[in-house]
Amino acid sequence: RNEAYYRALRRALADTRGLQVLDVGAGTGLLGMMAAKCGAESVVSCEKCEPVAASAEEIVALNRLGGKVRIVRKHSSDLIVGQKRPKIFVSGFGFYRLHGDGTGEQDMEARADVMVSEIVDCGLLGEGMIPSLRDARKRLLVPGARVIPERASIHCVCIQCPEQSAPLARPLGAVHGFDFSLYNQFCAASYEQIRLSTIEHRFMTDVAPVFDFDFTDPAMPLDRTRTHPCVATSTGTIHAVAFWFRLNLDAEESLYTGPENATTCWKQAVQFLRAPLDVEEGHPLEVLMSHDATKVSFQCRIACAEPVEWAA
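Computed from a prediction, not measured in an experiment: that's the story for all the values here.

A. Focus on the sheet that holds strand β18 (residues 284-291). Spatially, β14-β18-β19 is the arrangement adopted by the 3 strands of the open sheet, whose pairing is antiparallel. The open sheet has two free edges, formed respectively by β14 (224-231) and β19 (296-302), since each of these has just one partner strand. In this sheet, neighbouring strand axes are inclined to one another by 20 degrees on average, regardless of whether the strands run parallel or antiparallel. Bridging between β18 and β19 involves 7 bridges; their strand directions are antiparallel. Counted as the bridge partner of E286 is R301 from β19.

What follows is the structure, given as structure tokens:
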């Protein structure tokens with residue numbers, strides 16, 4: 001993963017001098033330092049977690065890149081371009097802010113030419129890639145700025161997944177003979193991070209495309225919904241929908257998180273249905289696929305002339 005990002009940054013920064021880079025979600029500062037090594041004129045790396053940002057500052061200094069890479073302890077949505085931050089000083093009586101004295105540091109001197117980030121979870125959108133990118137395009141990037149990653153695509157499959165021990169955290173049913181199903185109303189309709197190769201499961205449909213995301217498109221939608229027709233490939237019970245992604249850093253470099261990739265650092269995302277769906281081989285099915293700014297979700301039902309309730 002790191003090498004793939006390094007290669008993509010080399011291509012993005014090759015043969016062009018004076019480029020400013022914005023690194024969103026700096027973490028350890030690795031991507032920002034890579035950008036500096038690849039020829040960026042300067043790098044602003046923002047990180048909202050104070051302890052992580054403090055560590056990143058030390059790592060950057062240790063690697064003698066403090067003159068090119070600056071860690072800003074903010075979420076990207078709080079960054080300000082051009083305007084100097086008011087200086088803050090401390091006395092024995094507490095914190096005092098000097099307004100408009102012009103002595104504070106700038107978050108960013110100017111808009112960035114390149115944005116690099118790795119704010120993706122196993123479900124792709126859970127760390128805020130879409131809202132962060134949309135905000136950056138409006139306020140923090142020059143028109144036509146290069147973004148890494150450039151694109152992504154999600155694929156899914158319905159699975160049978162019988163009760164078994166951890167790492168599963170599935171909806172409640174019968175516990176020692178008591179029905180706990182009503183408790184599921186308090187559970188968030190989200191997904192678990194699971195490496196499918198470590199659990200007992202069976203594919204109940206063919207793998208299907210879900211959504212494509214073009215991060216280079218300023219008009220990229222915040223939400224979409226579509227219904228995908230498919231067929232049950234086995235007789236059994238659909239307990240969940242598993243999904244994963246391919247992340248295209250640029251036209252040449254991609255990262256794939258599917259279950260057949262044993263070396264991926266991301267696990268697969270598994271969304272359990274609140275009501276398991278019994279199916280027979282050959283049954284026509286419908287999968288409702290939706291996403292908003294931060295989450296992908298699924299519902300399933302048997303396709304028939306008179307639509308039945310979704311299993312979500």
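B. Quick peek at the pattern of salt bridges. One pass over the structure, following the stated rule, counts 13 salt bridges. The residue E118 makes a salt bridge to R1 at a minimum N-O spacing of 3.0 Å. Taken together, the residues span a long stretch of sequence, with E118 in the loop between β6 (112-117) and α4 (129-139) and R1 in the segment before α1 (2-13) at a distance of 117 residues. By relative accessible area, which is 40% here, R1 ends up partly exposed.

C. Representation of the environment of R70 within the structure. Structurally, R70 can be placed in strand β3 (residues 69-72). Given a relative accessible area of 26%, R70 falls into the partly exposed group. The sequence separation of R70 and V44 amounts to 26 residues, and the corresponding C-alpha distance is 5.1 Å. For R70, the side chain forms a polar contact with the main-chain oxygen of Q106, separated by 2.5 Å.

D. Layout of the packing of aromatic side chains. Per the stated rule, a full pass over the model turns up 5 aromatic pairs. Taking the centre distance of 6.4 Å and the plane angle of 65 degrees together, the rings of F211 and F213 count as edge-to-face. In this pair, the class of F211 matches that of F213, namely buried. Arranged with centres 5.4 Å apart and planes meeting at 65 degrees, the rings of F245 and W266 form a pair that is edge-to-face. Of this pair, F245 sits in strand β15 (residues 236-248) while W266 is found in the loop between β16 (254-256) and β17 (268-279), placing the two residues 21 residues apart along the sequence.

E. Seen up close, the side chain of D107. Residue placement: D107 occurs in the loop between β5 (94-97) and β6. On the basis of relative accessible area, D107 is assigned to the buried category, the value being 0%. Of note is the side chain of D107, whose polar atom sits 2.7 Å from the side chain of K74. There is a polar contact of 2.9 Å between the side chain of D107 and the backbone nitrogen of I80.

What counts and what doesn't
Counting restarts for each chain, with residues numbered from 1 along the sequence as it is written. Local features in this predicted model are restricted to residues of pLDDT 70 or higher, and side-chain atom pairs are both shown and tallied only at a pLDDT of 80 or more, whereas totals for entire chains, interfaces and linings draw on every residue. In computing side-chain values, all of the structure's heavy atoms are included and hydrogens and water are not. Note on pairing: two strands pair once DSSP finds at least 2 bridges between them. The secondary structure listing takes helices from DSSP runs of H or I that are at least 4 residues long and strands from runs of E that are at least 2 residues long, numbered from the N terminus. A fitted line through C-alpha atoms serves as each axis, taken over the contacting stretch for helices, and the angle formed by two N-to-C directions is quoted from 0 to 180°. By salt bridge we mean one thing: a side-chain nitrogen of Lys or Arg within 4 Å of a carboxyl oxygen of Asp or Glu. A simple rule labels every residue: compare its accessible area, found with a 1.4 Å probe on the protein chains alone, to the largest value its type can have, and call it buried under 20%, exposed over 50%, or partly exposed in between. Any pair of N or O atoms that falls within 3.5 Å is considered a polar contact. Within protein, one atom must be able to donate a hydrogen and the other to accept it, and sequence-neighbouring residues count only if both atoms are side-chain atoms. Stacked, edge-to-face and tilted labels apply to pairs of Phe, Tyr and Trp rings (six-membered ring for Trp) whose centres lie within 6.5 Å, assigned for plane angles under 30 degrees, over 60, and everything in between, in that order.

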